[in-house]
Amino acid sequence: MFGRRGAAEELSRPVAKPAAAAPPATPAKPAAAAAPATTASGSKGPAPSLHSTPAPMAVENRSDDYYQIKTMIFGALIDTIDLAQLAQLDVDSAREEIRDIVNEIITIKNVTMSIAEQEQLLTDICNDVLGYGPLEPLLARDDIADIMVNGANRVFIEVAGKVQLTNIRFRDNAQLMNICQRIVSQVGRRVDESSPICDARLLDGSRVNVIAPPLSLDGPTLTIRKFRKDKLKLEDLVRYGSISPEGARVLAVIGRCRCNIIVSGGTGSGKTTLLNVLTAYIDVDERVITCEDAAELQLQQPHVVRLETRPPNLEGQGQIAMRDLVRNCLRMRPERIIVGEVRGPEAFDLLQAMNTGHDGSMGTVHANSPREALSRLEALITMGGYNLPSKTIRDMIVGSVDIIIQAERLRDGSRRITNVTEVIGSEGDVIITQDLLTYQIDGEDETGRIRGKHIGTGIARPHFWDRARYFGLDRELAEALDGLQN
Ligand SMILES: Nc1ncnc2c1ncn2[C@@H]1O[C@H](COP(=O)(O)OP(=O)(O)OP(=O)(O)O)[C@@H](O)[C@H]1O
Ligand SMILES: [Mg+2]
């Protein structure tokens, strides 16, 4: 029994909250981490007295009234409950404890609400104290790809490729900031005015970015790429129309015959998903090393080493950049190297790895077309300070990259593979490429969905033919390419 329950005057008296002032003792434990979150909200003005006899209040589901009532009950709860002791409990018991006290407060305050509304309120308040507050219902949904919080009052989600505004709100920016803090403290990081940018991960693996004031002007901005438990497979991409069945066959051959692949695409176009799909074709006996900023890939093979970069600490020291990881990989006897996102000088190291016997290495780049992906790689190498003539860099790209797969998020929200392109050589200064398949948009149907089809370009003998033959896949490749023409 942690609440000072019993007499109403007991409940109404502000209680000293030693736990509220303490930093989270064990950040990974949600209940313990709840302490700082409640400090800000709890300390906002005097707690409403439960003693006064309020007029009955009606609750409309998540209307302004609802939020007002919730704030009032929450304030009373925080004044009543001993957070330090609550933190000792497992989540279920803590939830029970909170329920009891909230029910009591509702009775004393004479709030009228239906059973369903009361349940809603209880769940919301438990989430506030024990979890990620208003984010909890969104985190529980598997159909959401992204959660984007722009300050306390605007929460957007992406569902089925479409971004929509939700009616989820935080009490204020302080609550939002505390939840951000709670999230990043779980991975040993901190976000505040002095270090307002932070990358982190939720316990379920979701990728999180926080940018706080003064850099973000309208309150803390939180972006979550939800972790998908059921990672998409090539069959799923076919089912969603992201690639045709014949196109998928070609991709499977490309993956199995250890082509060096660059997946290119815009933000959220499905690059990481595609990279993950392609890793399914890696042999079980290969030693694979993955390098990522926030580990998202889920390889099924037994012999995988996963590496993750590290941002600098508060003193600006200790950073391990992607480049350091990729370079270190080369001393780890890798058979394939997979770089989650190439966005710096590591481009050079990845190309070198591809060029020096680590066939089947892969990476993604942000670019809007296969051509742009090539110029981006060149630009990244140039910006990395290598004093190499452009021709040398291009020759290096030609010698390393076999295939570029372009992913795109179309305007109807669907994701498509729009090009499978081979890098086949160079003429003078120009890199020569050829498309094996492209996506042709035919128009829109009456619901606004884009209609289109993947079409082959008639190439019967791609540049990687000999490689496919070496792996005994030439026949499969010929049939798959043949299928593209039909
Ligand atoms: N072909 C697809 N069909 C439907 N949904 C997809 C498809 N590919 C990816 N998604 C979903 O889209 C979201 C974004 O995918 P992903 O993380 O692979 O994109 P990304 O290009 O790597 O994004 P970022 O640029 O932010 O790293 C995920 O939720 C993923 O499950
Ligand atoms: Mg990605």
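We now turn to the structure provided with this report. Quantities reported herein were computed from a predicted structural model and do not represent experimental measurements.

**Regarding unusual backbone geometry**
With an omega dihedral of 5°, the bond running from P213 to P214 counts as a cis peptide bond. With respect to the helices, strands and loops of the structure, P214 is situated in the loop between strand 7 (207–211) and strand 8 (221–225). With a phi angle near 50°, A160 is a residue other than glycine that sits in the positive phi range. Its location among the elements puts A160 in the loop between strand 4 (155–159) and strand 5 (162–165). A positive phi angle is found at R333, which is not glycine, with a value near 50°. The residue R333 is located in the loop between helix 13 (322–329) and strand 12 (336–339) in this model.

**Comments concerning helix 12 (residues 271–279)**
For the α-helix, the turn length of 3.6 residues means that residues three or four positions removed from each other point alike. Taking burial as the measure, the nine residues of helix 12 include nine buried ones, the bulk of the element. Buried within helix 12 we find K271, T272, T273, L274, L275, N276, V277, L278 and T279. Each element contacted by the buried residues of helix 12 is listed here: helix 10 (234–239), helix 11 (245–256), strand 9 (261–265), strand 12, strand 13 (362–366) and strand 14 (403–409).

**A few points about the environment of K109**
The topology assignment puts K109 in helix 6 (residues 91–109). By C-beta crowding, K109 is classed as buried, having 22 other C-beta atoms within 10 Å. K109 sits 37 residues away from M72 along the chain, and the two C-alpha atoms are 9.6 Å apart.

**Examining the sheet that holds strand 10 (residues 288–292)**
Taken together, the nine strands give an open sheet; going across it, the order is 11-10-12-13-9-14-15-16-17, and neighbouring strands pair in mixed fashion. Among the strands making up the open sheet, the edge pair consists of strand 11 (304–308) and strand 17 (450–456). Sheet twist, expressed as the mean angle between neighbouring strand axes with direction ignored, is 25°. Here five bridges tie strand 9 to strand 14, and the two strands are oriented parallel to one another. Each residue of the ladder has a partner; that of S264, found in strand 14, is Q406. Contacting strand 9, strand 14, strand 15 (415–427), strand 16 (430–444) and strand 17, helix 11 runs over the sheet at an angle of about 50° to strand 15. Along the sheet, helix 13 contacts strand 10, strand 11 and strand 12; its crossing angle with strand 10, the most-contacted strand, is approximately 170°.

**Section: the site of ligand 1**
Near ligand 1 lie 16 residues; those nearest to it are A145, S242, G270, T272 and T273. For the shell around ligand 1, the leading source of residues is helix 12, giving three residues. Here the residues of the shell around ligand 1 sort into four nonpolar, eight polar and four charged.

**With respect to the pairing of strand 12**
With burial as the criterion, each face of strand 12 is covered, one bearing R336 and I338 and the other bearing I337 and V339. Where strand 12 meets strand 13, two bridges bridge the pair, whose relative direction is parallel. By the bridge assignment, I338 is partnered in strand 13 with M362. Between the parallel elements strand 12 and strand 13, the chain passes through helix 14 (residues 346–355) in a crossover that is right-handed.

**Considering the packing of helix 11 against helix 18 (residues 474–484)**
Remark: helix 11 packs on helix 18, axes separated minimally by 8 Å, with the N-to-C direction vectors making an angle of 150°. Taken together, the axes of helix 11 and helix 18 are roughly antiparallel relative to one another. Note that helix 11 runs across helix 18; the crossing there is left-handed. Together, E246, G247, R249, V250 and V253 of helix 11 and E476, L477, A480, L481, G483 and L484 of helix 18 make up the contact between the two elements. Split by residue class, the contact of helix 11 with helix 18 holds six nonpolar, two polar and three charged.

**Some details on the nonpolar core**
V250, I261, L350 and I405 are the most contacted members of the largest nonpolar core, which has 64 residues in total. With six residues, the top contributor of residues to this core is helix 14. In contact with I405, not counting residues within four places along its chain, are I261, V263, L274, I417 and V420. Among the nonpolar cores identified, the runner-up in size contains 22 residues, and L176, V191, V210 and L222 belong to it.

**Things to note about the packing of helix 15 (residues 370–383) against helix 16 (residues 390–400)**
The interhelical angle for the contact between helix 15 and helix 16, taken along N-to-C directions, is 125°, at an axis separation of 10 Å. For the element pair helix 15 / helix 16, the angle class is oblique. Between helix 15 and helix 16 lies a crossing whose hand is right-handed. Of the residues in helix 16, those touching helix 15 at L374, L377, E378, I381 and T382 are S390, I393, R394 and I397.

Rules behind the numbers
- Position numbers for residues start from 1 in each chain and track the written sequence from start to end.
- Following the order in which they are written, the chains are lettered starting with A and the ligands numbered starting with 1.
- For a predicted model such as this one, the threshold for reporting local features is a pLDDT of at least 70, and the threshold for listing and counting side-chain atom pairs is 80 or more; totals across whole chains, interfaces and linings nevertheless cover every residue.
- Working definition: helices are DSSP H or I runs of at least four residues, strands are E runs of at least two. Numbering for both runs from the N terminus.
- Residue burial here comes from a neighbour count, namely the number of other C-beta atoms, placed from the backbone, that lie within 10 Å of the residue's own C-beta, with 20 or more meaning buried, 12 or fewer meaning exposed, and in between meaning partly exposed.
- Each residue gets a C-beta atom placed from its backbone, and two residues are in contact if those atoms lie within 7 Å.
- At least two DSSP bridges between two strands are required for those strands to pair.
- Angular values range over 0 to 180 degrees, each being the angle between N-to-C directions of two axes fitted as lines to C-alpha atoms, with helices fitted over their stretch in contact.
- All residues are tested the same way: a C-beta atom is placed from the backbone, and lying within 6 Å of a molecule or strand makes the residue near it.
- In this classification, the charged set is Asp, Glu, Lys and Arg, the nonpolar set is Ala, Val, Leu, Ile, Met, Phe, Trp, Tyr, Cys and Pro, and all remaining amino acids, among them Gly, are polar.
- When the strands point away from the viewer, a crossover counts as right-handed if the route from the first strand across the helix to the second turns clockwise.
- For classification purposes, an angle smaller than 35 degrees is called roughly parallel, one larger than 145 roughly antiparallel, one from 65 to 115 roughly perpendicular, and anything else oblique.
- Left-handed is the label given to a crossing in which the near helix is rotated counterclockwise from the far helix by less than a right angle, and right-handed is the label when the rotation is clockwise.
- Structurally, a nonpolar core is described as a collection of buried Ala, Val, Leu, Ile, Met, Phe, Trp, Tyr and Cys residues joined by way of C-beta atoms within 7 Å.

None of this, on its own, says anything about what the molecule does.
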